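# Chains, contacts and geometry: an overview
Listed here are the chains, written in short residue letters.
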Amino acid sequence: MATDYEFQGWLGHNPESVNGKMEWGKFEPKKWTEDDVDIQVTHCGICGSDLHMLRSGWGPTPYPCCVGHEIVGKAVRVGKNVSHVKPGDRVGVGAQARSCLRPDCPDCSNNNEQYCRNGVVNTYGSVYPDGEGKSYGGYSDYNRTNGHFVIPIPDALPSEAAAPMLCGGVTVYSPLKKNGCGPGKTVGVVGVGGLGHFAVLWAKALGADEVVGISRKASKRDEVLKLGADKYIATDDDEDWEKKNARSLDLIISTVSSDKMPLTGYLQLLKANGTLIQVGAPDGGNLPPINAFTLLANGIKIGGSGIGSPAEIREMLQFAADKNIRPWVQTRPLKDANQAIIDMAEGKARYRYVLVNEKHANA
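Computed from a predicted structure; not experimentally measured.

Parameters at a glance
Residues numbered from 1 in each chain as written. Predicted model: local features only at pLDDT ≥ 70, side-chain atom pairs only at ≥ 80, totals over all residues. Heavy atoms only, no water. Helix = DSSP H or I, 4+ residues; strand = E, 2+ residues; numbered from the N terminus. Rg over C-alpha atoms; globule rule 2.2 N^0.38 Å. Buried < 20%, exposed > 50% of the residue type's maximum accessible area, 1.4 Å probe, protein only. Lys, Arg positive; Asp, Glu negative; His and termini not counted. Charge placed at Lys NZ, Arg CZ, Asp CG, Glu CD. Salt bridge = Lys/Arg side-chain N within 4 Å of Asp/Glu carboxyl O. Pairing = 2+ DSSP bridges. Axes fitted to C-alpha atoms, helices over the stretch in contact; angles between N-to-C directions. Contact = heavy atoms within 4.5 Å. 1 Å grid on protein atoms, 1.4 Å probe; cavity = no way out; pocket = protein on both sides within 12 Å on 5 of 7 lines; lining within 4 Å. Points joined across faces, edges and corners; volume = space filled by probe spheres on them. Nonpolar A, V, L, I, M, F, W, Y, C, P; charged D, E, K, R; others polar. Parallel < 35°, antiparallel > 145°, perpendicular 65-115°, else oblique. Left-handed = near helix turned anticlockwise from the far one by under 90°. Phe/Tyr/Trp six-rings, centres within 6.5 Å; stacked < 30°, edge-to-face > 60°. Lys NZ or Arg CZ within 6 Å of the ring centre and 35° of its normal.

The next subject is the overall build of the protein chain. In terms of helices and strands, the protein chain carries ten helices and 17 strands. What you see for the protein chain is a C-alpha radius of gyration of 20 Å, in line with the 21 Å of a compact globule of 363 residues. Along the three orthogonal principal directions, the C-alpha set of the protein chain runs to about 65 × 45 × 40 Å. In the protein chain, buried positions account for 56% of the 363 residues. In the protein chain, 40 side chains carry a positive charge and 41 a negative one; their mean positions are 2 Å apart.

In structure tokens, the structure reads:
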């Protein structure tokens, strides 16, 4: 069945595309199935993952690649097997486009689709295993994704607020909820950028007794306290920060994507039996080395968490709507995507850029 719209977007053709050298062009979406939804894109958040993929930082990217996995728009074509979405609905797509979804899969049958052992298809930069083509993201006019991963957006959430929640938001919401963030807990957030600012917002809304922002420079202190943090630690500027704040936190969410971060210092901030969850993914995937006695002497745990399941995304969006939570976003026109990714790489976002496809958003 032919459509009356074309799939076009900003395409990266090689690692140089991350330097503002994406090119606008047509692409061929995955082959249509009756499990799919076509979305007319109105908004798309810019995630750090976009930069990693454009530069092939996590391994070779299958160019051409259209990045963007914080997609909000209007459903314009809905497969017969999709019952929770109808044409005209405002919907969103996060970082995942498909998993096996088999009822005998212990991951997919337990709301852990993002960890599916039989294979995950990302919203962009993935090649479908069954010959259906490639996945292309939301720096585009249209997106095609399996309906299981297409989420209705609550009416109370503006599109520019909902978009960055679909990856950045749920990436920290999931480990906060799974690791007991709430009353009686003290929570640290390492790296208060796009991900970290969400972690501060969620931790406060979930009722943590104290939320501590942890970043390199003191210059962010006032902003982070304005976000709702109760305290701020500047690891470059605060003398003896590890000793002065030792054993003060129950849970740390680390959003930092660096193999040079002072990980041992962060671990010293944990109370006995405390937990650090890593969500930042550095190029190459390497973290600083850890001395075993740092773990043994305090009974602490280190774990990881990747994005979130469709069920968690739905829960998070409703939580944000009910609590009137709004991320700090700056909108940028889709036509200026090249400059926006340069500004993102230079750390200018406060705290999340959202691309607006003006020909659709204003229609």
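Moving on from the coordinates now.
This next bit is on the pattern of salt bridges. Enumeration according to the criterion identifies 26 salt bridges in this entry. Among the ionic contacts, a cluster of salt bridges with common partners joins Lys 30, Asp 36, Arg 98, Asp 130 and Glu 132.

A separate point is the sheet that holds strand β14 (residues 270-278). Either a parallel or an antiparallel arrangement is found when strands of a sheet pair, and the pairing is made through backbone hydrogen bonds. If you walk across this open sheet you meet the six strands as β12-β11-β10-β13-β14-β15, and the pairing is parallel. Strands with a single pairing partner mark the edges of an open sheet, and in this sheet they are β12 (231-234) and β15 (301-304). Adjacent strand axes in the sheet meet at a mean angle of 20° when their direction is disregarded. With five bridges joining them, strand β10 (residues 186-190) and strand β11 (residues 210-215) adopt parallel strand pairing. Opposite Val 190, over in β11, you have Ile 214 as the bridge partner. Contacting β10, β13 (249-254) and β14, helix α2 (residues 159-178) crosses the sheet at an angle of about 155° to β13. Contacting β10 and β11, helix α3 (residues 194-205) runs over the sheet at an angle of about 170° to β10.

Applying the stated criterion across every chain yields a total of two cavities of 30 Å³ or more. For the largest cavity, the calculated volume is near 80 Å³. Forming the walls of the largest cavity are Gly 94, Ala 95, Gln 96, Phe 149, Ile 151, Leu 166, Val 170, Ile 307, Gly 308, Ser 309, Pro 310 and Ile 313. Among the elements of the structure, α2 and α8 (310-323) are those that each provide at least two residues to the lining of the largest cavity. Across the lining of the largest cavity, the residue classes break down as eight nonpolar, four polar and no charged. Of the voids in this model, the second largest cavity is the one considered here, and its volume is about 30 Å³. Lining the second largest cavity we find Phe 27, Pro 29, Lys 30, Tyr 128, Lys 134, Ser 135, Tyr 136, Asn 143 and Arg 144.

Turning to the packing of α2 against α3, a few remarks are in order. With their axes 9 Å apart at the nearest point, α2 and α3 run at an angle of 55° to one another. Taken together, the axis directions place α2 and α3 in an arrangement best described as oblique. Handedness of the α2/α3 crossing: right-handed. Within the contact between the two elements, α2 uses Pro 164, Met 165, Gly 168, Gly 169, Thr 171, Val 172, Tyr 173 and Leu 176 and α3 uses Leu 195, Phe 198, Ala 199, Trp 202 and Ala 203. Here the residues of the contact of α2 with α3 are counted per class, giving ten nonpolar, three polar and no charged.

Residue placement: His 360 occurs in helix α10 (residues 358-361). With a relative accessible area of 12%, His 360 lands in the buried category.

With that settled, the discussion passes to the packing of aromatic side chains. Counted according to the given criterion, the structure contains twelve aromatic pairs. Ring centres of Tyr 173 and Phe 319 lie 5.9 Å apart, and the angle between their planes is 50°; on these two criteria the pair is classed as tilted. With Tyr 173 in helix α2 and Phe 319 in helix α8, this pair connects stretches of sequence that are 146 residues apart. An identical accessibility class is assigned to Tyr 173 and Phe 319; each is buried. Between Trp 328 and Tyr 351, the ring centres sit 5.7 Å apart and the planes meet at 35°, which makes this aromatic pair tilted. With Trp 328 in the loop between α8 and β16 (329-333) and Tyr 351 in the loop between α9 (337-345) and β17 (352-356), this pair connects stretches of sequence that are 23 residues apart. The class of Trp 328 is partly exposed, set by a relative accessible area of 25%. Residue classification places Tyr 351 among the buried residues on the basis of a relative accessible area of 1%. Members of the aromatic cluster, each reached through a chain of ring pairs, are Tyr 5, Phe 7, Phe 27, Tyr 136 and Tyr 142. For Arg 77, the ring lying beneath its charged end belongs to Trp 32, and the centroid distance is 3.8 Å. The aromatic ring of Tyr 353 is capped on one face by Arg 332, whose charged end is 4.8 Å from the ring centroid.

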